[in-house]
Amino acid sequence: MDLVGLLKSHFLCHLVFCYVFIASGLIINTIQLFTLVLWPINKQLFRKINCRLSYCISSQLVMLLEWWSGTECTLYTDPRAYAKYGKENAIVVLNHKFEIDFLCGWSLAERFGVLGSSKVLAKKELAYVPIIGWMWYFTEMVFCCRKWEQDRKTVATSLMHLRDYPEKYFFLIHCEGTRFTEKKHRIGMQVAQAKGLPSLKHHLLPRTKGFVVTVRSLRNVVSAVYDCTLNFRNNENPTLLGVLNGKKYHADMYVRRIPLEDIPEDEDKCSAWLHKLYQEKDAFQEEYYRTGTFPESPLVPPWRPWTLVNWLFWASLLLYPFFQFLVSMVCSGSSLTLASFVLVFFVASMGVRWMIGVTEIDKGSAYGNFDSKQKQND
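Residues numbered from 1 in each chain as written. Predicted model: local features only at pLDDT ≥ 70, side-chain atom pairs only at ≥ 80, totals over all residues. Heavy atoms only, no water.

Let us look at the packing of helix 2 (residues 11-34) against helix 3 (residues 43-68). Taken N-terminus to C-terminus, the directions of helix 2 and helix 3 make an angle of 165°; their axes are 9 Å apart at the nearest point. Regarding the angle of helix 2 to helix 3, the classification is roughly antiparallel. Considering only the axes of helix 2 and helix 3, their crossing is left-handed. Counting all contacts with helix 2, which are made through Cys13, Phe17, Val20, Phe21, Ser24, Gly25, Ile28, Asn29, Ile31 and Gln32, the residues of helix 3 involved are Asn50, Leu53, Ser54, Cys56, Ile57, Gln60, Leu61, Met63, Leu64 and Trp68. (Axes fitted to C-alpha atoms, helices over the stretch in contact; angles between N-to-C directions. Helix = DSSP H or I, 4+ residues; strand = E, 2+ residues; numbered from the N terminus. Parallel < 35°, antiparallel > 145°, perpendicular 65-115°, else oblique. Left-handed = near helix turned anticlockwise from the far one by under 90°. Contact = heavy atoms within 4.5 Å.)

Shown next, in the form of structure tokens:
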């Protein structure tokens, strides 16, 4: 390992990133709290301010992917569709197989200038997570319990609120509902067989109701669905810990722009359309594993400097007083002070490991691991 690689994998570097992210995130969450006074006065101004505050948080993770690890992302897409990306509202349907697929989705949004305003359909528990969850709350993210009886009205209501959103956005939805594992895939294919649906090799059975209500609620506001199929070269198995260690990955993403008017309005027909879409995604993945490439022309969207500029701003603002505080603690010579420092260091290290562990596949959601005798309705 070279010197730069050794530096990137050192825990002290990880601790610096963690400190800047947590400290800046809590500061931004506090500012977001104060912006609530704007909501009854000027809702659109509140939204625009929170889009920019949200960018200050989410762009730090994209900076790690692009500038720290140097991960490359090649898009395979129609050049005519490429010219529209970032200039229209879109529903992004992304496969959910890798630990950093969400980060690749954020990188896509960043490269087309809509990261701060982009949305996601996320489980309700995340709304209570400091920094990211709180940031999502202020940017009107759509949360669900993943129990359709409870979500039917709340999700539709949240989506209707986005119809007058003042910024262009990508609405990211993982129709599979949870990250791919062999166990979930096996159970999902049992459900598919019982329902007479075609089996899938590289995806879980898509859950159609969330997609149907999203399309219905955002029709005439969203221009298209971006069908995104992600994979990594050379059978790479990317992890957030690898990104934090500065490991470079090579992502390939096939993006198809499908005009929303091409998607049926009828619920049953829309559901059938989504199942057909996932059969096509499965075929694209099979072709990728066979040839190492996707259809269409390969394009590499340029990196924007703002993620790095944002991180450098917060680092310069927060690191000097932090190191000054550490030096004063060490110079005090107090055994109690030094013991407190060691304790804080230990807690911080556990915090870093916990945040990374949240993204690990083997510690992911149990959603989808239901018994085949207790199948949930699609």
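This part covers the sheet that holds strand 7 (residues 250-259). Here we have 8 strands laid out as an open sheet, ordered 4-3-5-2-6-7-1-8, and mixed in their pairing. Two strands lie at the open edges of the sheet, namely strand 4 (142-144) and strand 8 (297-299), each paired on one side alone. Adjacent strand axes in the sheet meet at a mean angle of 25°, parallel and antiparallel pairs treated alike. Here helix 7 (residues 148-161) sits on the sheet and contacts strand 3 (119-123), strand 4 and strand 5 (170-173); the angle it forms with strand 4, its principal contact strand, is near 175°. (Pairing = 2+ DSSP bridges.)

We now examine helix 9 (residues 208-218). Counting buried positions along helix 9 yields 9 of 11 residues, so the element is predominantly enclosed. Taken as a whole, helix 9 has its buried residues at Thr208, Gly210, Phe211, Val212, Val213, Thr214, Val215, Ser217 and Leu218. On its buried side, helix 9 packs onto strand 2 (90-94), helix 7, strand 5, strand 6 (224-232) and helix 11 (267-291). Where helix 9 terminates, the next one or two residues include asparagine 220, which has phi positive at roughly 75°. (Buried < 20%, exposed > 50% of the residue type's maximum accessible area, 1.4 Å probe, protein only.)

Quick look at the pattern of salt bridges now. For the coordinates displayed, the defined rule picks out 17 salt bridges. Among the ionic pairs, arginine 52 bridges to glutamate 167, the shortest N-O distance being 3.3 Å. Note that arginine 52 is positioned in helix 3 and glutamate 167 in the loop between helix 7 and strand 5, a separation of 115 residues in sequence. Across the salt bridge formed by glutamate 287 and arginine 290, the nearest N and O atoms sit 2.9 Å from each other. Residue glutamate 287 and its partner arginine 290 are located together in helix 11, separated by 3 residues, close to a single helical turn. The exposure class of glutamate 287 is partly exposed, given its relative accessible area of 32%. Overlapping salt bridges bring together Asp227, Arg256, Lys276, Glu280 and Lys281 as one network. (Salt bridge = Lys/Arg side-chain N within 4 Å of Asp/Glu carboxyl O.)

Okay, the UniProt feature "transmembrane region" (unreviewed entry) in the protein next. The UniProt record marks residues 12-39, 311-330 and 336-356 with the feature "transmembrane region" (unreviewed entry), using the residue numbering of this structure. Structurally, residues 12-39 comprises 82% helix and 0% strand, and the distance from its first C-alpha atom to its last is 41 Å. (UniProt positions renumbered as here; feature names shortened; annotations may be inferred.)

Let us now look at the pairing of strand 5. Side chains Phe170 and Leu172 project from strand 5 onto one buried face, and the interleaved Phe171 and Ile173 project onto a second face that is buried too. The pairing of strand 2 with strand 5 spans 4 bridges and is parallel. Bridge pairing links alanine 90 to phenylalanine 170 in strand 5. Looking at chain direction, strand 3 and strand 5 are connected through 2 bridges and run parallel. Paired with lysine 119 across the two strands is phenylalanine 171, which belongs to strand 5.

Okay, the environment of valine 309 next. Tracing the backbone shows valine 309 in helix 12 (residues 306-332). Along the chain, valine 309 and methionine 63 lie 246 residues apart, while their C-alpha atoms are 9.3 Å from each other.

Under the definition given, this model contains 21 aromatic pairs. Judged by centre distance (5.5 Å) and plane angle (75°), the rings of phenylalanine 170 and tyrosine 226 are edge-to-face. Taken together, the residues phenylalanine 170 in strand 5 and tyrosine 226 in strand 6 connect sequence positions 56 residues apart. A relative accessible area of 4% means that phenylalanine 170 is categorised as buried. (Phe/Tyr/Trp six-rings, centres within 6.5 Å; stacked < 30°, edge-to-face > 60°.)

Once that is clear, we can look at unusual backbone geometry. Here the phi dihedral of glutamate 140 falls at roughly 60°; this positive angle occurs in a residue that is not glycine. Tracing the sequence through the fold places glutamate 140 in the loop between helix 6 (132-138) and strand 4.

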